[in-house]
Amino acid sequence: MSKDPSDIIAVQPDPDRWLQDFGDILFRYALRRLHNTAHAEDVVQETLLAAIQACASYSGRASEKTWLIGILKHKIIDFIRKQVRESTVDDINALSDATADGGIDGLFDARGHWIHPPRDWGNPVKTLQNHQFLEAFEQCLARLKAAHAQVFSLKELHGQSIDEICNELDITATNCSVMLYRARMGLRRCLETRLTGNDQEELQ
Amino acid sequence: MLSCKEVCYIVSESLDAKLPWHKRLKVRIHLLMCKACRRMVRQMELLRAAARRYGSNGHDASNLEQEKLSHEASARILKRLHQTEDDPTDHA
């Protein structure tokens with residue numbers, strides 16, 4: 001079937017087929033950045049809604065898949081921006097308040113000393129090769145506060161620089177550092193509980 | 001003298017940017033005397049390695065490659081999409 005670019009006519013919205021053909025691809029792409037099933041589903045829906053509206057401007061030059069993923073990328077960034085905006089104020093307050101970490105994470109006492117010092121995780125090389133460790137990592141990432149998981153993911157899983165993240169999300173480098181700190185401490189604690197049992201770690 | 005909490009924050013920062021020498025020195029002095037924080041540093045490094053691994057090929061290790069939109073989610077999204085399409089204001 002030959003196709004002259006000049007023949008290309010505006011694509012009719014076909015959300016049923018889009019969902020059937022590309023729904024899983026879009027979902028997985030979103031899940032890799034958001035680490036939360038419900039959030040990933042939401043941005044897929046937002047993407048397809050935007051695609052219906054934007055159909056007229058689709059030139060047909062990019063494949064439909066590329067076009068939809070382009071829209072999805074914007075929707076993911078919008079989503080993360082919103083989460084980050086909601087989280088930033090809490091994060092800054094928690095960090096400057098010496099007792100807040102004790103209240104929120106149960107990590108440090110009022111003088112900044114460990115309440116439960118880190119435990120031995122064993123040989124790091126072996127730990128890393130352990131299939132269960134990566135599974136636990138995935139689960140712990142999903143349990144972090146959404147904004148923290150998303151910023152951590154951009155930085156550490158997708159290799160973006162602090163500058164890129166700050167620009168994209170419109171936050172300061174300090175905001176970014178605080179969120180990364182909280183993500184790392186949350187992951188560390190969650191993994192420790194899973195690796196070494198939760199006898200003294202669970203503070204309810 | 002830095003507290004353990006301060007050391008944790010600075011160690012996290014140091015994973016993202018090169019810190020001034022005086023800050024690094026303060027952390028080193030603390031680490032010489034604090035076994036708990038030495039462990040924390042090793043764990044932070046392990047976290048980074050795990051993230052890289054997970055980010056690159058970790059999708060094999062997880063079930064992510066097999067993840068699909070659930071039937072419920074598909075149905076919900078489709079319903080929402082058709083609401084928009086059937087909205088008479090769209091055809092005005």
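This write-up is about the structure you can find in this document. Not measured: the values here are computed from a predicted model. (Residues numbered from 1 in each chain as written. Chains lettered and ligands numbered in written order. Predicted model: local features only at pLDDT ≥ 70, side-chain atom pairs only at ≥ 80, totals over all residues. Heavy atoms only, no water.)

**Describing the environment of P117 of chain A**
Assignment of secondary structure puts P117 of chain A in the loop between α4 (100-104) and α5 (124-129). Using a relative accessible area of 42% as the deciding quantity, one classes P117 of chain A as partly exposed. Separated by 10 residues in the primary sequence, P117 of chain A and L107 of chain A place their C-alpha atoms 8.3 Å from one another. Every residue in contact with P117 of chain A, bar those within four places of it in the chain, is listed here: E192 of chain A together with A36 of chain B. (Helix = DSSP H or I, 4+ residues; strand = E, 2+ residues; numbered from the N terminus. Buried < 20%, exposed > 50% of the residue type's maximum accessible area, 1.4 Å probe, protein only. Contact = heavy atoms within 4.5 Å.)

**Description of the interface of chain B and chain A**
If you look at the interface, chain B gives 46 residues, while chain A gives 58 residues. Between chain B and chain A the total buried area reaches about 4700 Å² when both faces are included, carbon and sulfur atoms providing 65% of it. The largest per-residue losses of area from chain B upon contact with chain A belong to K5, L47 and Y54 of chain B, which jointly make up 15% of the total buried on that side. The salt bridge partner of D16 of chain B is K155 of chain A, with a shortest N-O separation of 3.2 Å. Connecting chain B to chain A are 15 residue pairs in polar contact (both at pLDDT 80 or more). Those elements that provide at least two residues to the side of chain B that touches chain A are α1 (4-14), α3 (35-56), α4 (58-61) and α5 (71-86) of chain B. (Buried area = accessible area lost by both parts, 1.4 Å probe. Salt bridge = Lys/Arg side-chain N within 4 Å of Asp/Glu carboxyl O. Polar contact = N/O pair within 3.5 Å; in protein donor to acceptor, adjacent residues only side chain to side chain.)

**Quick word on helix α8 (residues 162-169) of chain A**
Residues and elements named next belong to chain A. Those residues of α8 lying buried are I162, I165, C166 and L169. Angularly, the buried residues of α8 cover 100° about the axis, an arc narrow enough to put them on a single face. In α8, the exposed positions that point more than 90 degrees away from the buried face belong to D163 and N167. The first or second residue beyond α8 is D170, which carries a positive phi of 60°. (Arc of directions from axis to C-beta.)

**Side note on the packing of helix α6 (residues 131-143) of chain A against α3 of chain B**
Closest axis-to-axis distance for the α6 of chain A/α3 of chain B pair is 11 Å, and the angle between their directions is 90°. Here α3 of chain B runs roughly perpendicular to α6 of chain A, going by the angle between their axes. Across from F133, L134, F137 and E138 of chain A in α6 of chain A, the residues of α3 of chain B making contact are L46, L47, A50, A51, R53 and Y54 of chain B. Grouping the amino acids of the contact of α6 of chain A with α3 of chain B by side-chain chemistry returns 8 nonpolar, no polar and 2 charged. (Axes fitted to C-alpha atoms, helices over the stretch in contact; angles between N-to-C directions. Parallel < 35°, antiparallel > 145°, perpendicular 65-115°, else oblique. Nonpolar A, V, L, I, M, F, W, Y, C, P; charged D, E, K, R; others polar.)

**What to know about the nonpolar core**
Core analysis: the biggest nonpolar cluster contains 63 residues, and W18, L48, F137 and F152 of chain A have the highest contact counts within it. Apart from residues lying up to four places away in sequence, F152 of chain A is in contact with F137, L141, L157, L180, A183, R184 and L187 of chain A together with A51 of chain B. Membership of the second largest hydrophobic core comes to 23 residues, among which are F108 of chain A together with Y9, M40 and V41 of chain B. (Core = buried A, V, L, I, M, F, W, Y, C linked by side-chain atoms within 4.5 Å.)

**A look at helix α2 (residues 37-54) of chain A**
Over its 18 residues, α2 of chain A extends 25 Å from the first C-alpha to the last, a length consistent with the 26 Å expected when each residue adds 1.5 Å. With a side-chain oxygen lying 3.0 Å from the backbone nitrogen of A38 of chain A, the N-terminal cap of α2 of chain A falls on N36 of chain A. (Expected span 1.5 Å × (residues − 1).)

**Digging into the packing of aromatic side chains**
Enumeration according to the criterion identifies 6 aromatic pairs over all chains in this entry. Taking 6.4 Å as the distance between ring centres and 55° as the angle between the ring planes, the aromatic pair formed by F137 of chain A and F152 of chain A counts as tilted. Of this pair, F137 of chain A sits in helix α6 while F152 of chain A sits in helix α7 (residues 146-157), and the two are 15 residues apart along the sequence. F152 of chain A matches F137 of chain A in its accessibility class, with the two residues each being buried. The structure contains a cluster of three or more aromatic residues connected by ring pairs, namely F137 and F152 of chain A together with Y54 of chain B. A cation sits over an aromatic face here: R33 of chain A above Y29 of chain A, 4.2 Å from the ring centre. (Phe/Tyr/Trp six-rings, centres within 6.5 Å; stacked < 30°, edge-to-face > 60°. Lys NZ or Arg CZ within 6 Å of the ring centre and 35° of its normal.)

**Considering a nonpolar patch on the surface**
On the surface, M1, W21, L25, I29, L32 and M33 of chain B cluster together into a nonpolar patch covering about 770 Å² of accessible area. Relative to the helices and strands, M1 of chain B is located in the segment before α1. (Patch = residues over 30% accessible without salt bridge, like charges linked within 9 Å, V, L, I, M, F, W, Y side chains within 5 Å. Areas by Shrake-Rupley, 256 points an atom, 1.4 Å probe, with all protein chains shown as cover.)

**Points about the state of the cysteines**
Residue and element names in this part refer to chain A. For the structure shown, the criterion picks out 1 disulfide over all chains. As a non-bridged cysteine, C166 has C176 as the owner of its nearest cysteine sulfur, 4.5 Å distant. Look at C166 and you get buried, because its relative accessible area is 11%. (Disulfide = S-S within 2.5 Å.)

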